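# Overview (structure and organization)
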Amino acid sequence: MGHEDTAVRTPVRRPPRPSPARTARGPPRSPSPPRATMRRSPLLPIFLTVFVDVLGLTLVLPLLPFYAEHFGASELVVGVLAASYAVCQLVSGPILGRISDRVGRKPTLLASQTGTFIGFLVLGSASSLWMLFLGRIIDGLTAGNLTIAQAYISDVTRPEERTRAFGLIGIAFGSGFLLGPAITGELASRFGYGAPALGAAALSLTSILLTATLLPAKPIAPAAATEAAGAGAARPASDVRVGRGDAFRRFFDRPLARRRLLEFFAFSLSFSTLIGGLALFLERRFAFGVKETGYIFAFSGLIGGSIQGGALGRLAKRYGEQRLAVLGFATMVIGYGLLGAAYGLPALLLLVAIGAFGSAVVRPSITTLLTKSVGRDEQGAALGVSQSLASISQIVGPIGAGWLIEHRALTAYGLMAATFAVVGLFLGAQKIPAGEAVEL
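Keep in mind it's a predicted model, so treat the numbers as computed, not measured. The numbers attached to residues start from 1 for each chain and follow its sequence in the written order. For a predicted model such as this one, the threshold for reporting local features is a pLDDT of at least 70, and the threshold for listing and counting side-chain atom pairs is 80 or more; totals across whole chains, interfaces and linings nevertheless cover every residue. Note that the side-chain values use all heavy atoms of the structure and ignore hydrogens as well as water.

## Notes on the nonpolar core
Note the cut-off: Here, nonpolar core refers to any group of buried Ala, Val, Leu, Ile, Met, Phe, Trp, Tyr and Cys residues whose side-chain atoms link them within 4.5 Å. Exposed residues in this analysis have more than 50% of their type's maximum accessible area, buried residues have under 20%, and partly exposed residues fall in between, with area computed by a 1.4 Å probe over protein chains only. Secondary structure elements are taken from DSSP: a helix is a run of H or I of four residues or more, a strand is a run of E of two residues or more, and numbering for both begins at the N terminus. The contact definition used throughout considers only heavy atoms, calling two residues in contact when any of these lie within 4.5 Å.
Of all hydrophobic cores here, the largest spans 86 residues; its most connected members are Ile169, Phe281, Leu282, Leu339, Leu348 and Tyr413. With twelve residues, helix α15 (residues 255-286) is the largest single contributor of residues to this core. In this view, Leu339 contacts Leu274, Leu278, Phe281, Arg285, Leu348, Leu351 and Tyr413; residues no more than four positions away in its chain are not counted. Counting twelve residues, the second-largest nonpolar core is a separate cluster that includes Ala247, Ala257, Leu383 and Leu389.

Next comes the structure, spelled out in structure tokens:
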């Protein structure tokens with residue numbers, strides 16, 4: 001009996017030791033990935049990457065019209081210069097989005113950023129108008145930074161958290177628009193038009209280093225398993241691997257995805273028209289130079305960054321993305337539509353603030369709604385299609401704005417931007433049929 005007791009106690013005592021050890025180790029291992037995830041969360045690197053990219057872009061954006069006019073360009077040619085970038089982006093956007101779905105976000109983002117770096121170098125060393133076009137074409141052919149960053153955010157966030165996460169891109173845009181244009185005015189006035197572009201190239205190189213060193217190679221999505229399973233059940237992966245033309249047909253054949261893309265297109269047309277002609281408008285109406293124009297862009301960035309940095313998440317939870325997008329479109333209509341009637345600085349600043357609020361809430365809301373309307377494994381392709389629509393708008397908007405301003409139709413310029421926002425408002429106000437209300 002004593003021997004049996006010993007025999008019984010030995011296995012009874014030993015298994016509990018490994019078992020608690022496993023149990024004790026188990027819980028730490030279970031929380032450990034989230035802690036590692038927090039440490040390696042891609043949202044901070046993505047924010048830094050987009051911020052540096054946008055800062056570089058905003059160094060160049062208010063500069064280009066004055067830079068081009070320095071080489072003898074007319075207002076219409078200034079619009080064509082802006083459109084040249086968008087034409088190239090129209091070709092590259094869906095391709096880069098699809099490549100990022102297949103080979104990964106990080107390597108595609110690095111390739112895109114390298115093209116931006118080279119484009120800014122050419123721009124900064126330009127000695128004639130054709131070099132400005134060359135720099136924008138190089139940048140446009142590799143332009144996919146924002147699309148890939150948005151796809152990465154979709155990979156690592158739950159649908160209900162996505163608007164707030166996309167708001168990070170909005171904060172990056174707002175911060176970039178706050179700092180970049182103001183810096184441009186100072187650099188251009190002191191060192192010439194090439195200096196801001198070379199500064200943008202230095203920032204682009206910094207962005208490449210941030211992506212290479214901080215961004216995880218594979219998205220960390222602790223909550224993605226169930227969503228991916230659901231999305232996979234709804235649409236097999238083989239359905240995603242289709243041609244670029246098929247991507248448009250696939251998403252536009254679905255009523256909900258089509259609606260989201262059209263809303264995004266209306267927003268992009270409105271915003272691109274405003275931004276594409278704003279520097280020329282300010283030069284003609286208020287006799288502003290690059291320095292004063294930079295400060296107006298910076299003021300717009302301050303408003304947008306403030307909204308997206310604090311209130312956007314709360315507004316999205318309270319009203320929902322669709323209502324928030326409708327509100328944003330309505331304020332864009334007011335701000336852009338009355339711009340042509342502004343002759344004093346106070347009226348100008350008020351209308352710029354109203355319009356900046358609208359664009360600050362519309363972009364992340366519509367982007368979130370778009371990603372919810374498709375499967376997780378299609379989000380990169382869907383965002384690539386949206387980038388193609390944005391590229392079309394960046395062709396139409398600046399050329400239309402440049403043509404109107406060249407003919408001194410300054411009021412019509414603001415009304416053109418407002419009209420596109422009215423289309424977005426109309427689309428957003430339509431009720432979603434019950435059968436289309438479920439979003440992945």
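From this point, things continue past the structure.
## A few points about the packing of α15 against helix α18 (residues 345-372)
Worth spelling out the cut-off: Lines are fitted to the C-alpha atoms to define the axes, a helix being fitted only along its stretch in contact, and any angle between axes, read from their N-to-C directions, falls within 0 to 180 degrees. When an angle is under 35 degrees it counts as roughly parallel; over 145 it counts as roughly antiparallel; between 65 and 115 it counts as roughly perpendicular; any other value is oblique. For any pair of crossing helices, the crossing counts as left-handed if the nearer helix is rotated counterclockwise from the farther one by less than a right angle, and right-handed if it is rotated clockwise. In the scheme used here, Gly and all other residues not listed as nonpolar or charged are polar, with Ala, Val, Leu, Ile, Met, Phe, Trp, Tyr, Cys and Pro taken as nonpolar and Asp, Glu, Lys and Arg as charged.
Two elements in contact, α15 and α18, have axes whose closest approach is 10 Å; the angle formed by their N-to-C orientations is 155°. On the basis of their axis angle, the class for α15 and α18 is roughly antiparallel. Every pair of crossing elements has a handedness; the one defined by α15 and α18 is left-handed. Residue-level inspection shows Ala257, Arg260, Leu261, Glu263, Phe264, Phe267, Phe271, Leu282 and Phe286 of α15 in contact with α18, the latter providing Leu345, Leu348, Ser359, Val362, Arg363, Ile366, Thr367, Leu369 and Leu370. Class assignment of the residues belonging to the contact of α15 with α18 gives a composition of 13 nonpolar, two polar and three charged.

## As for unusual backbone geometry
Look at Ala287: it is not a glycine, yet its phi comes out positive at around 60°. Residue placement: Ala287 occurs in the loop between α15 and α16 (290-319). A relative accessible area of 65% places Ala287 in the exposed class. Although it is not a glycine, Arg408 adopts a positive phi angle of roughly 60°. Tracing the chain through its elements places Arg408 in the loop between α19 (379-406) and α20 (410-429). Its relative accessible area of 53% is what places Arg408 among the exposed residues.

## Remarks on a nonpolar patch on the surface
Cut-off, in case you're wondering: A patch consists of residues whose relative accessible area exceeds 30% and which take part in no salt bridge; residues with like charges are grouped when within 9 Å of each other, and nonpolar side chains (Val, Leu, Ile, Met, Phe, Trp, Tyr) when within 5 Å. Only the protein chains shown count as cover for residues, and all accessible areas are computed by the Shrake-Rupley method using a 1.4 Å probe. We define a salt bridge as a side-chain nitrogen of Lys or Arg found within 4 Å of a carboxyl oxygen belonging to Asp or Glu.
Judged by side-chain polarity, Val91, Ile95, Ile99 and Val103 come together as a nonpolar surface patch covering roughly 300 Å² of accessible area. Within the element layout of this structure, Ile95 appears in helix α6 (residues 75-103).

## Quick look at empty space enclosed by the protein
One simple way to see leftover space: roll a probe sized like a water molecule over the atoms. Test applied: Think of a 1 Å grid over the protein atoms and nothing else: a 1.4 Å probe that fits but is trapped marks a cavity, an open set flanked by protein within 12 Å on at least five of seven lines marks a pocket, and residues with an atom within 4 Å of a point count as lining. Grid points are joined across faces, edges and corners, and a volume is the space filled by probe spheres set on the points.
Enumeration according to the criterion identifies four cavities of 30 Å³ or more in this entry. In this structure, the largest cavity encloses a volume near 920 Å³. As for the largest cavity, its lining consists of 43 residues, and the residues nearest its centre are Leu57, Leu61, Tyr85, Phe173 and Gln394. A breakdown of the residues in the lining of the largest cavity according to their chemical character gives 27 nonpolar, twelve polar and four charged. Here the second largest cavity is characterised by a volume of approximately 330 Å³. Forming the boundary of the second largest cavity are 24 residues, of which Phe177, Phe271, Ser300, Ala356 and Ser359 lie nearest the centre. Mapped by element, the contributors of at least two residues to the lining of the second largest cavity are α10 (162-191), α15, α16, α17 (321-337) and α18.

By themselves, these are just geometric observations and shouldn't be taken as functional.
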